[in-house]
Amino acid sequence: MRDAQPAAVYLKDYASPDYLINRTELHFELHEDHALVTSRLYMLRCDPGRELPLVLNGVALELVSVTIDGQALEDSEFQVEPETLVIPKAPDQFVLSCVTRILPQDNTSLEGLYKSQRMFCTQCEAHGFRKITYYLDRPDVMSVFTVSVEADQARYPVLLSNGNLVDSKVLEDGRHSTTWHDPFPKPAYLFALVAGDLKYLQDSFTTCSGREVDLRIYVEEKDLGKCDHAMLSLQNSMRWDEEVYGREYDLDVFNIVAVDDFNMGAMENKSLNIFNSSCVLCSPETTTDKGYQRVEAIVAHEYFHNWSGNRVTCRDWFQLSLKEGFTVFRDAGFSADMGSPVVKRVEDVANLRTVQFAEDAGPMAHPVRPESVIEFNNFYTATIYEKGAEVVRMIHTLLGAELFRRGSDLYFERHDGQAVTCEDFVLAMEAASGIDLQQFRLWYSQAGTPLLRVRDEYDADAGCYTLTVQQSCPPTPGQDSKLPMVIPLAMGLLGEAGNLPLRLVGETPDPETGDNTHRVLSVNQAEQRFVFEGVGERPVPSLLRGLSAPVRLDYNYSKQDLCALMSRDDDGFVRWDSAQTLATRVMNEVEQQLLNRSKDKELEVDPILARAYASLLEDDSLDAAMVADMLTLPGENYLAELAARDGGANVDTIHAARVAVHADISKACTDSLLQRYHALANASPYAATGAQIADRSLRNTCLDYLAAAGGEYVELASRQFTDADNMTDRLAALRAIVFYGDDGQRDEALASFYQDWQHEVLVVNQWLQLQAMMPGSDALDRVRGLLKHPDFDMRNPNKVRALVGVFSAHNPVNFHRPDGQGYRFLADQLTLLNDINPQITAKMLTPLTRWRNYSGRDQLMRAELERLAALPSLSRDAFEVITKSLQ
Ligand SMILES: [Zn+2]
């Protein structure tokens, strides 16, 4: 909690540490009402000639004793400040030992050492370790850790830390202890400890050099049957990282522990990954297909950090994207290889455009490598992760797969065991490839989403086709003007009979690649022209294939152009993207009618969209998962984001227009929807295979359209709800019933679902989430009522996100009620949460920070932010988000 106005820290002020810690020995004594932590730090002054004060980080610690080389310090020899311990005089080399008393059972921030249900666990990234003991809590101080943990044996039979188990003892009074040693030097943020009554699933992996690794997933006994998918995902990840990146695992054990109360998805602590239970547990009865894919992706992500993050770590937290952007890029490659690359890309882009583009256009916009920060917890953002991954993806595009791999090999070889910067990553890529990335570096320092404006001209007589490309980037906080970036523009040209061969003027046709129909143009100036010759017909340009750069595209496609790309372009991503653009266009037209029409006039929906959808549905040679994605209308948040750039979003007309278009598709395509729905029914038992997931995805998309017509089609959903043998089909049916059924059907289905699944925490969270998204004017009352439900708990981040978070972020019409009650509701909850969990509070402020996008409601939204800003105990996390958004 703050005592004055929290101050910003700046990247430019980085200074290397004055002291290092070669070895760290920790002893934990865990009790029910407190824990005692004894540290022995083998310290060294970096510059032996200079006498500098030793400043250790520590927050919410009770210092019991402090010694140097075994000598207790006098009171005059140290100062305890709210967030530091200062020792003005220290020798060149010494052993510092501190005993601190902490209160894990009262630690609701879920940073440092805390209790989740009946177990102890830790979360130290970014600054959690300072809540455990006094330390140089910064990633460029790396140390070899030896950790012993002592606790009651009956309550906590399992005691874990990083590295290898080197000792275990039975002690007096029913207590026991274990000792762990991690030979790899690591920063404190990768420290982990777990104590609990846990069981484990065990398997193994043999690395490429033949070392046997013991793999364990620790969970509560009741969840032992839900670990198989995570185990398989771990083994697949280990193999993939050897094959694709040449990275072998380096210890004899790898442990994963599932925890119910966790601020993030999971944490890559060296050899002891701690996971939010929602990101590790899976069973067909309780987990949807999306849940299975999420578990696979997150297990892989955390595992991949062993190299990109742990062996090579970040010098400071401004470099967070060094490990996160690269690792997200790596896990996306893995997921693409495990399933369908195009479907994976489509899902990533949909998320990037909705979440990251919005962040880039909002008050918290920051570069991939930020320059100033008040609270680092606020920078675990879509920009650092997703845009960071896009930046690495562009390097991969510019270098090609082979040179990129050489670059990553060089990066790991040069920097193994070091704490480095984004610049070091780019330097390794340049050195290995010989490609100059000087201008490309702007992607790390410039915030905002660039806009590519493309215009074209066709000269039939000369057979010439010209693309004129202009780039610009809107101002963002602290950056008024931007320089042109390097934008790889992947493209093709579509003719009547398919994609055309591409040849730029002046190029000699290469006999090998003479019929090349795909290429990447390098855009690096404010305006550029690309002239293609030998073009025998006016083509439709297929632009920004695969979203080859995280930019927005402005090209005046006609609806016919979009239909042509949707049905015939070679690039699967462009086909999906064209479907999205066409649907957006049709919905915008309906929105205009809603704003301008006289009441009795019927809405007109252009039938072109339904016709295009029908032909997708009737073609069963297409990948079902792709068809499902193409049939999914852009979400209301994405539409609001687009509208905000054009002068302001009206959530009510956006919602009404989307509902009208959805209903129109439902009516116009009933026969083909019904036909596919029945044809895709699967009699074989559930498996999370690509083919089955694709079929279920399309079948449930069909159900969603059909049920919108009500009546017999809601009955169809009811039958699926009763008959389903898996959570994907059951939840899709429940959603159809509660969205489109009558009140009686809705209440009955929700009650019966709860009745059946109340013993499964993760399923109850999905039940909360669904209700938070429900339409209807009683939505807010329903959500308020659920706050009092015995299964809701303000201290559990998963539940807060499921109910309060989903309502504010994914129920736009009800959150943005004209009376401002939605805003008031969120601010009331965040007032309570601010005292419990600052990190989650700051994250959940996001919908309010977008007040500028909603003209007419903006004053109501601002008023709630101002009310929160006046809280006397406002955390540093929330302070930063609120002040930046009010500026
Ligand atoms: Zn990560």
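Everything below is about the structure printed above this text.
The rules behind the values
Residues numbered from 1 in each chain as written. Predicted model: local features only at pLDDT ≥ 70, side-chain atom pairs only at ≥ 80, totals over all residues. Heavy atoms only, no water. Pairing = 2+ DSSP bridges. Helix = DSSP H or I, 4+ residues; strand = E, 2+ residues; numbered from the N terminus. Axes fitted to C-alpha atoms, helices over the stretch in contact; angles between N-to-C directions. Salt bridge = Lys/Arg side-chain N within 4 Å of Asp/Glu carboxyl O. Expected span 1.5 Å × (residues − 1). Buried < 20%, exposed > 50% of the residue type's maximum accessible area, 1.4 Å probe, protein only. Contact = heavy atoms within 4.5 Å. Donors = N, O, S within 2.8 Å, 3.2 Å for Na, K, Ca; no water. Tetrahedral: all angles 85-135°; square planar, octahedral: opposite > 155°, others 65-115°. Core = buried A, V, L, I, M, F, W, Y, C linked by side-chain atoms within 4.5 Å. Polar contact = N/O pair within 3.5 Å; in protein donor to acceptor, adjacent residues only side chain to side chain.

Q: Would you mind going over the sheet that holds strand 10 (residues 112-116) in detail, with residue names and values included?
A: Overall, antiparallel pairing links the four strands, which are arranged 10-11-16-13 in an open sheet. Edge positions in the open sheet fall to strand 10 and strand 13 (158-161), since each of these has one partner strand only. Averaged over all adjacent pairs, the angle separating strand axes in this sheet is 20 degrees, with direction ignored. Of the strand pairs in this sheet, strand 11 (residues 119-123) and strand 16 (residues 193-196) are connected by two bridges, and their pairing is antiparallel. Among the inter-strand pairings, C121 is bridged to a residue of strand 16, identified as V194.

Q: Before we move on, can you summarise the pattern of salt bridges with the specific residues and values?
A: Taken as a whole and assessed by the stated rule, the structure comprises 60 salt bridges. In this structure, a network of salt bridges that share partners links the residues D743, R746, D747, D778 and R782.

Q: I'd love a proper account of helix 19 (residues 761-773), names of residues and values included.
A: Here helix 19 is 13 residues long and its end C-alpha atoms lie 19 Å apart, about the 18 Å a rise of 1.5 Å per residue gives. Buried within helix 19 we find V763, V764, N765, Q766, W767, L768, L770, Q771 and A772. Each element contacted by the buried residues of helix 19 is listed here: helix 17 (727-740), helix 18 (743-757), helix 20 (779-787) and helix 21 (797-810).

Q: Residue-level account of the environment of Y303, with values.
A: Within the secondary structure, Y303 sits in helix 2 (residues 289-304). Using a relative accessible area of 2% as the deciding quantity, one classes Y303 as buried. Spatially, the C-alpha atoms of Y303 and S271 are 8.8 Å apart, while their sequence positions differ by 32 residues. Excluding its chain neighbours within four sequence positions, the residues that come into contact with Y303 are L234, S237, M238, D241, E248, Y249, F254 and N273.

Q: Break down the coordination of the zinc ion for me, citing the residues and quoting the values.
A: The zinc ion binds to the protein through H301 (NE2), H305 (NE2), E324 (OE) and E324 (OE), with metal-donor distances spanning 2.0 to 2.6 Å. Coordination at the zinc ion is irregular: its four donor atoms span angles of 54 to 153 degrees at the metal.

Q: Requested: an account of the nonpolar core, with residues and values cited.
A: Among the nonpolar cores identified, the biggest contains 240 residues, and F532 and Y613 are the most heavily contacted of them. Looking at this core, the element that brings in the most residues is helix 5 (residues 382-415), giving twelve residues. Apart from the residues lying within four places of it in its own chain, the contact partners of F532 are G463, C464, Y465, L467, M491, L493, L502, R503, L504, R519 and L521. In this structure, I87, Y134, Y156 and L159 belong to the second largest nonpolar core, which totals 42 residues.

Q: Give me the side chain of K186: which residues, what numbers.
A: Mapped onto the elements of the fold, K186 is located in strand 15 (residues 175-186). Those residues in contact with K186, other than ones at most four positions away along the chain, are V141, M142, S143, F145, N162, F191 and K270.

Q: Which residues make up helix 11 (residues 624-631), and what values do they have?
A: Three or four residues apart is the spacing at which side chains of an α-helix point the same way, because the helix has 3.6 residues per turn. Most of helix 11 is tucked away: eight of the eight residues are buried. Taken together, the buried positions of helix 11 are occupied by A624, A625, M626, V627, A628, D629, M630 and L631. Elements in contact with the buried residues of helix 11: helix 4 (341-360), helix 8 (559-568), helix 9 (572-596), helix 10 (608-618) and helix 15 (690-707). N-cap assignment for helix 11: the residue whose side-chain oxygen lies 3.1 Å from the backbone N of A625 is D623.

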